[in-house]
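Inside the fold
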Amino acid sequence: MSSEPVIANRRKTAFAEGLQASIDKLSEAIRALYLSDDIPWVIGYSGGKDSTATLQVVWHAIAELPAHERQKPIHVISTDTLVENPIVAMWVENSLRKIRAASDEQSMPIKPHRLTPDPNDSFWVNLIGRGYPAPRPKFRWCTSRLKINPSNRFINEVVESNGEAILVLGTRKAESVARAANMAKYEKGSTREMLSRHGDLDRSWVFTPIAEWSNDDVWQYLMQVKNPWGYRNKDLLGMYQGATEDGECPLVVDTSTPSCGDSRFGCYVCTLVEQDKSMEAMIQNDHEKEWMTPLMEFRNKYLDVKEDRQHRDFRKMNGSLMVHNDRLVHGPYKQYYRETLLKALLRSQQDVREAAHRGEAPEMVKDFQSISLEELEEIRRIWVVEKHEIEDRLPALYEEATGEPYPGKNLGEGSAFSAEALGLLKEVCDEYSDPEGLRFELIRELLHIEERHRNMARRAGLFKALDKAMEKGAFTTEAEAEAFALRRKEAIDAARDKVAEQHPEYFSEIVNELP
């Protein structure tokens, strides 16, 4: 019987030849690729472990080249959704400053960029302004607007200026079976060694230097190799450690033991998961991070996708009715709930600032901002101009929540109807049975449409706008609208069945003409 110790379930590693030998080999390949053409590189950097390891291994490799050979730009892009976990957002922002300073000091071709979504695409403008319900699996409207569009816009600009771009990403096959399969698919279709074609971006290549690394390989590398822009990788490990429920990183002895650093950081408002466990763990594990509690409470109380039907209009954004499972599919948040959301968000922002002024939160969050003035101005414009909520309630809501006067500009949409006049209109509508306020909303919209067209030389579009408003406001209650929608669906279904029975040869063509 062998006396050698039995080591069960050894973890796979990309460092079978030893860490230094493996990194030397990878660095040589990185340098060869860098010098092989004039195509600029774009490194995706989130501040997490994988992107940090990717940037670090590229930095060290390129630093070994003579200064005259490291001229091709390496852009480092970090997309801030503006609703990131604040601790992570501040970490990344500070890291980008250090990257810029270290790159200049070391004469490196690395250029950091902080990207943000257009104000029109921001989370709060869409949620509170337009009333998009909080994202859910079947309506995931946030990812493209907040993350994909800003980075794709930057990459496309690089491609337009240089003809092509090479994206350097920290994706790893060990992350998931789906990720490994997707990476393998694009590798097969590649015409260049070490590069694969990007699935969506034209004239863009993808280079994944740590594709074969395991989770433990990433941490081993980060802990044993010095960060070249002056950040402490141990602090990064501490941030991951603080974002786990028990605050501990277990000793890894086999594949059944979870590795440290599996925590996922992202948007604290994300409703695609039931709880933001990383933020909850940070607050639980470190009393110095308790200042984030108002943000977590806002998310948990007001963005509950399971209980928001009552707060949503029974009509879709364009005013149409849609039936599913014999009931109406609800659309955007109603006016009262959008106002509730805004006031609660501003209050949570104010709570964080006040905690800092009391010395109960870091000095750096004294001016903490959940929502920018630019976003507030766009929300205000949408409410008044697009949704015809001519009461213009946003400045008053801001003052109620913060105790400070609203700092925005004059909207330039002065209404001929005072708050008193609109209040009187509401009272009259209530007297004539308007339980859900739909008659008031219709009359208010008609008045606003007429007012906006009143001083035009040509009143083109007036009747079309009035017709659209009348069609949207055709019902006085949701029950009435649902009954109509179900009758219409029943009639359409019957018509389809009749066409299929009498004219089977023309069925597909005719049915496509039905609503």
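Residues numbered from 1 in each chain as written. Predicted model: local features only at pLDDT ≥ 70, side-chain atom pairs only at ≥ 80, totals over all residues. Heavy atoms only, no water.

Focus on the sheet that holds strand β6 (residues 204–207)
Pairing is mixed in the open sheet, where six strands are placed in the order β3-β2-β1-β4-β6-β5. Either end of the sheet is taken by a strand with one partner, and the two such strands are β3 (110–115) and β5 (196–197). Of the pairings in the sheet, the one linking strand β1 (residues 41–44) to strand β4 (residues 165–168) comprises three bridges and is parallel in character. Along β4, the bridge assignment pairs Val 42 with Leu 167. Here helix α2 (residues 49–63) sits on the sheet in contact with β1, β2 (74–79), β3 and β4, set at roughly 145° to β1. Seen against the sheet, helix α5 (residues 142–162) touches β1, β2, β3, β4 and β6 and runs at an angle of roughly 160° to β2. (Pairing = 2+ DSSP bridges. Helix = DSSP H or I, 4+ residues; strand = E, 2+ residues; numbered from the N terminus. Contact = heavy atoms within 4.5 Å. Axes fitted to C-alpha atoms, helices over the stretch in contact; angles between N-to-C directions.)

Topic: the side chain of Thr 52
For Thr 52, the location among the structural elements is in helix α2. Residue Thr 52 is classed as buried on the basis of its relative accessible area of 3%. Once you skip the residues sitting within four places of it in the chain, Thr 52 turns out to touch Tyr 45, Gly 47, Leu 222, Asn 227, Trp 229, Asn 233 and Leu 236. (Buried < 20%, exposed > 50% of the residue type's maximum accessible area, 1.4 Å probe, protein only.)

A short note on the packing of helix α4 (residues 123–130) against helix α12 (residues 373–386)
How two helices sit against one another is set out by the angle between their axes and by the gap between those axes. Closest axis-to-axis distance for the α4/α12 pair is 9 Å, and the angle between their directions is 30°. In terms of orientation, α4 and α12 fall into the roughly parallel class. Considering how the two elements wind past one another, α4 and α12 form a crossing that is right-handed. In contact with Trp 124, Val 125, Ile 128, Gly 129 and Arg 130 of α4, α12 contributes Glu 375, Glu 378, Ile 379, Ile 382 and Trp 383. Of the residues that constitute the contact of α4 with α12, the class distribution is six nonpolar, one polar and three charged. (Parallel < 35°, antiparallel > 145°, perpendicular 65-115°, else oblique. Left-handed = near helix turned anticlockwise from the far one by under 90°. Nonpolar A, V, L, I, M, F, W, Y, C, P; charged D, E, K, R; others polar.)

With respect to the packing of α12 against helix α13 (residues 394–402)
One way to put it is that α12 packs onto α13 with a least axis distance of 10 Å and a crossing angle of 135°. Between α12 and α13, the angle falls in the class oblique. Two secondary-structure elements touch here, α12 through Leu 376, Ile 379, Arg 380 and Trp 383 and α13 through Leu 394, Pro 395, Leu 397 and Tyr 398. A breakdown of the residues in the contact of α12 with α13 according to their chemical character gives seven nonpolar, no polar and one charged.

Some points on the packing of aromatic side chains
Two measures describe an aromatic ring pair: the distance that separates the ring centres and the angle between the ring planes. Going through the model one piece at a time under the given rule, you end up with 19 aromatic pairs. Sitting over the face of the ring of Trp 205, Arg 197 holds its NZ or CZ atom 3.7 Å from the ring centroid. (Phe/Tyr/Trp six-rings, centres within 6.5 Å; stacked < 30°, edge-to-face > 60°. Lys NZ or Arg CZ within 6 Å of the ring centre and 35° of its normal.)

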